[in-house]
Amino acid sequence: MKRWLKISLKILAALVVLVILTWLAGAFYISRNKKEVLTSILSQLNKNLNGEITATSMEPTLLKSFPGVSVSLNGVLLRDSLWVQHKHDLLKAQDIDVSLNVLSLIVGNVNIKQIAINNAAIYIYTDSAGYSNTSIFKSKPSAEKKTSTKSSALEVKKIDFNRVSLVLDNKKRHKLFNFNIDQIQGRMEYPDSGWTGKIKLKTKVNSFAFNTRKGSFLKDKTLDGTLSAHYSKALDAVILDPEILNIGGHPFKIGAKIELDKSAFAISIAVDDILFRDVALLLAPNISSKLLKFGIEKPINIRGNIIDDGSGKYGDPLIKVGITVRDNVVSIPAGRLTACNFDGSFTNRDTVGGIIGDDNSSIKFHKLTAKYFNAPLKIDTFTVNNLSRPIATGLVTSQFPLSNLNNSLGTNDFEFKNGTADLKLYCQADIDNFKFTKPVVSGKIRIANADILYIPRNLHLIKSALDIDFNQNNLSIQNGHFQLGKSELNVNCNIANFANLYYTAPEKILVNLKMTSPQLYLKEFLPFLGPRTTKKTKSSGNKQVVSKELSNVLELSQMNIRLTVNKAIYEKFMAKNLDADISLRGGGIFFNKISVAHAGGQLSLDGNIIQQAASNSFKINSKISHVSVKDFFYSFDNFGQNTITNKNLKGYLSSLVNISGRISHTGKILPRSINGKVVFNLNNAALVNFEPMVKVGKFAFANRNLSNVEIKNLDGTLNINGDKVEISPMQISSSALNFNVKGTYALGSGTNVAMDIPLRNPKGDENLTRQEKREARMRGIVLHLKAVDDEKGGIKIRWNKDHD
């Protein structure tokens, strides 16, 4: 063996022997002087304390910190000077392991290298007046101080906590931090500027409440990681450098600054690729309960800061949070935003220098793009202010094909095949339970070249276009153009207070609609007579709410229509210059006033049609002025009867009609359903091939032409009761004969019409005066006949033995 190696081994052996001898000397000293060592340790620990740390006993644990010497302090209590008032032990430990410097121990001084606190409870208490039991660590009065040196200062190199309960209870600030510490390991260095250290921790959070009245953050979550910390004497602050800390199993980058003199702190938080729900569950219940009403499917990135200036002025710390969302799906109470991108922010002090709290809080979404019900949205900035009474504001823009809305509104009321929508709306709304209420909207929606099917009424509108203008609560539709089959409609309307009533009282919405048309085919509007049909669709709860609201508004709102039409056509009916005032409300169509040129005359009416399940009831009050009776009967399909038809009539009719009845959902008058009264005047009329009259001619007037009976003037009153027409007594003067008639004419069975017919030929009285004709009318032979039902369902003529 080489000489240098032998010498090195001897030196190493000597050092080992020296260390062992030194350790044995220290161990022997402790064993023989336990009481003195305990007193010395407690004296070292009690330096500069406004209180006292005590221990019931001490036992050496010689091998635990070899080559150092360690002891275990049992039954340790640390109490401040006012413990008798608040009764909270700052420290209560079953045992504390203390590692000592052997050389300092031999020379009669105790230098603590390491402290391990095991199976303990630490309770840091601040009462409602602001006094804290941590005042035990404040310096003693100057008279008691001695000139200290670095060697005499308590500079522990390593501090460990094992199975320790840590509570920070601040009654004045309503804060409560409660941890079950499984392990904390601290490695400390003491430069002149303060101290530095690495802190490794593993703990469970029972409470992390900045305001106990609002609940705890990080409830029942575990914290696991290593932090780098240093204390600055100049700032009197502990600074935690940003390091990864696992919270609830997810890595967060945490940094902090704690100013000890002011009890102020600032915490920075950064986390990437975390689910929104996991973040919400880390927060206090008053916040998480609101956030969980929303959902974000894919992971997001979050940056945040929590700052407390220590003054306690506002109770809550200042919170600032930023969130980054990319290509995500966001669920909101009103639906879902797909392909969603935005940068979001939250602060509980929106106004700089203002109060901290819900009243001054705001949530902002910047550069938001998304699809809402398949309609692409773009919002530069959307803001929700004052979370105690939230108000949302934002400018929404979008351009999209209307077909994107199919199956997206939660209802199949509408089907869009063509057309585009272009909208730009500034919205402001209260938020009640996270739903928009009392919205105020300003802006425009442009719809062009739309092909729309309204399924509940089976109305198919093509080539549709309109401009919708929102002026806060009011709404107007301008430049509307619709084509329904061959009918064309130009539409303008105004709806006052629409936005408020949409949500609160849709039945009070009043639509004042002005419509003009070059031509209308009224049959194309018959779906309004039928019952509203619905098509079932499966949809989420949010879509069902939107669907129900929209359908409810469309059906309950009231509409006043002022309609002018150049030409209106319904099967055989054709009219010109139609001017109508119509109301749609509830289940009814109300004709307030309609006038139209028809059959060479004028027709005006008012009335209503009430929609019912099997068929619809109607009431009509009409004034007919000098219309062609032939064309009039033809246009109205002979009013549902085939006894007197347009083929039997000539002349001009003026009439007052007051009738009610029933009409089918396809627009047909139901036979024998009409009741009412008709007062009429026939002028320059003729009864052509009227069967009862022809039969009378065959029976008694074979030499007279009763197939074309001309009547210059006739006034009459008809009372209609279902299938029976009561004919009030009439004196009919015609070219073939004069006769009086009264009785009941039945469309079915029950005809009983009495006729008094003089045999005088009216042509022989042509030169008589009007008075003379009246006096001569019933002279001579008079036939008293009766028209009644025959066995075959027709009419037969017989003698009227019971004539007056």
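Residues numbered from 1 in each chain as written. Predicted model: local features only at pLDDT ≥ 70, side-chain atom pairs only at ≥ 80, totals over all residues. Heavy atoms only, no water.

(A) Geometry of the overall build of the chain. When you go through the chain residue by residue, the secondary structure sums to eleven helices and 39 strands. A separation of at least 24 residues holds for 52% of the contacts in the chain among residues at least 6 apart in sequence. As displayed, the chain offers around 42,600 Å² of accessible surface, 55% of which is attributable to carbon and sulfur atoms. (Helix = DSSP H or I, 4+ residues; strand = E, 2+ residues; numbered from the N terminus. Contact = heavy atoms within 4.5 Å. Areas by Shrake-Rupley, 256 points an atom, 1.4 Å probe, with all protein chains shown as cover.)

(B) Representation of the layout of surface pockets. A volume near 860 Å³ is recorded for the second largest pocket. Looking at the lining of the second largest pocket, the elements with two or more residues in it are strand 33 (675–688), strand 34 (708–721), strand 35 (724–733) and helix 11 (770–776). Residue composition of the lining of the second largest pocket, by class: six nonpolar, seven polar and ten charged. (1 Å grid on protein atoms, 1.4 Å probe; cavity = no way out; pocket = protein on both sides within 12 Å on 5 of 7 lines; lining within 4 Å. Points joined across faces, edges and corners; volume = space filled by probe spheres on them. Nonpolar A, V, L, I, M, F, W, Y, C, P; charged D, E, K, R; others polar.)

(C) How the structure looks around the packing of aromatic side chains. Taken as a whole and judged by the stated rule, the model has nine aromatic pairs. Each ring, one from Phe210 and one from Phe265, has its centre 5.7 Å from the other, and the planes form 25°; the classification is stacked. On the criterion of sequence distance, the pair formed by Phe210 in the loop between strand 8 (194–209) and strand 9 (222–232) and Phe265 in strand 12 (residues 264–274) is long-range, its members being 55 residues apart. Residue Phe210 is classed as buried on the basis of its relative accessible area, which comes to 3%. A network of ring pairs unites the aromatic residues Phe177, Phe179, Phe208, Phe210, Phe217 and Phe265 as a single cluster. In this arrangement the basic side chain of Arg79 is found over the ring face of Trp83, its NZ or CZ atom lying 3.7 Å from the centre. (Phe/Tyr/Trp six-rings, centres within 6.5 Å; stacked < 30°, edge-to-face > 60°. Buried < 20%, exposed > 50% of the residue type's maximum accessible area, 1.4 Å probe, protein only. Lys NZ or Arg CZ within 6 Å of the ring centre and 35° of its normal.)

(D) Expanded view of the pattern of salt bridges. Inspection of the entire model under this criterion finds 15 salt bridges. In this structure, Arg336 and Glu297 form a salt bridge, with 3.3 Å as the shortest nitrogen-oxygen distance. Here Glu297 lies in the loop between strand 13 (295–296) and strand 14 (300–308) and Arg336 lies in strand 16 (residues 335–347), a separation of 39 residues in the sequence. Shared partners join several salt bridges into a network, and the residues in it are Lys158, Asp160 and Arg187. (Salt bridge = Lys/Arg side-chain N within 4 Å of Asp/Glu carboxyl O.)

(E) Looking closely at the side chain of Asn738. Among the secondary structure elements, Asn738 is positioned in strand 36 (residues 738–746). Here the side chain of Asn738 touches Ser734 through a polar contact of 3.3 Å, landing on its backbone nitrogen. Setting aside chain neighbours within four positions, we find Asn738 in contact with Ile732, Ser733, Asp756, Ile757, Pro758, Pro762 and Arg777. (Polar contact = N/O pair within 3.5 Å; in protein donor to acceptor, adjacent residues only side chain to side chain.)

(F) Local environment of the nonpolar core. Residues Leu73, Leu91, Ile96, Ile117, Leu563 and Ile757 are the most contacted members of the largest nonpolar core, which totals 167 residues. Non-local contacts of Leu563, meaning those with residues more than four positions away in its chain, are made with Leu489, Met515, Leu520, Leu578, Asp579 and Ala580. (Core = buried A, V, L, I, M, F, W, Y, C linked by side-chain atoms within 4.5 Å.)

(G) Here's a closer look at the confidence of the model for the chain. Residues of the chain with pLDDT of at least 70 account for 83%, and the chain-wide mean is 81. In this model residues 142–153 is a low-confidence stretch, pLDDT under 50, and it forms seven contacts with partners more than four residues away in sequence or in other chains. (pLDDT = per-residue confidence, 0-100.)

(H) Quick look at the pairing of strand 37 (residues 752–758). For strand 37, the tally of buried residues reaches five of seven residues, placing the bulk of the element in the interior. Relative to strand 37, strand 36 runs antiparallel, the two being bridged by five bridges. Residue pairing for strand 37: Val741 is matched across the bridge by Met755. Two successive antiparallel strands, strand 36 and strand 37, enclose a turn made up of five residues, where Gly750 displays a positive phi of approximately 110°. (Pairing = 2+ DSSP bridges.)

(I) A look at the environment of Val271. Topologically, Val271 is positioned in strand 12. The sequence separation of Val271 and Phe252 amounts to 19 residues, and the corresponding C-alpha distance is 4.9 Å.

(J) Quick peek at the environment of Ser464. Mapped onto the elements of the fold, Ser464 is located in strand 22 (residues 459–472). By relative accessible area, which is 0% here, Ser464 ends up buried. A sequence separation of 18 residues divides Ser464 from Phe482, and the C-alpha atoms of the two residues are 4.4 Å apart.

(K) Quick peek at the environment of Ile455. Relative to the helices and strands, Ile455 resides in the loop between strand 21 (435–454) and strand 22. Sequence separation between Ile455 and Phe414 is 41 residues, and the spatial gap between their C-alpha atoms is 5.9 Å.

(L) Fine view of a positive patch on the surface. Positive charge collects at one region of the surface, where Lys712, Arg770, Lys773 and Arg774 lie side by side. Per-element accounting of the positive patch gives the leading share, three residues, to helix 11. Structurally, the position occupied by Lys712 is in strand 34. By relative accessible area, Lys712 is classed as exposed at 70%. (Patch = residues over 30% accessible without salt bridge, like charges linked within 9 Å, V, L, I, M, F, W, Y side chains within 5 Å. Lys, Arg positive; Asp, Glu negative; His and termini not counted. Charge placed at Lys NZ, Arg CZ, Asp CG, Glu CD.)

(M) Layout of the side chain of Ser72. Looking at the element boundaries, Ser72 is found in strand 3 (residues 69–80). Among the polar contacts made by the side chain of Ser72, one reaches the side chain of Asn74 at a distance of 3.4 Å. Non-local contacts of Ser72, meaning those with residues more than four positions away in its chain, are made with Ser57, Met58, Glu59, Thr61, Asp95, Ile96 and Asp97.

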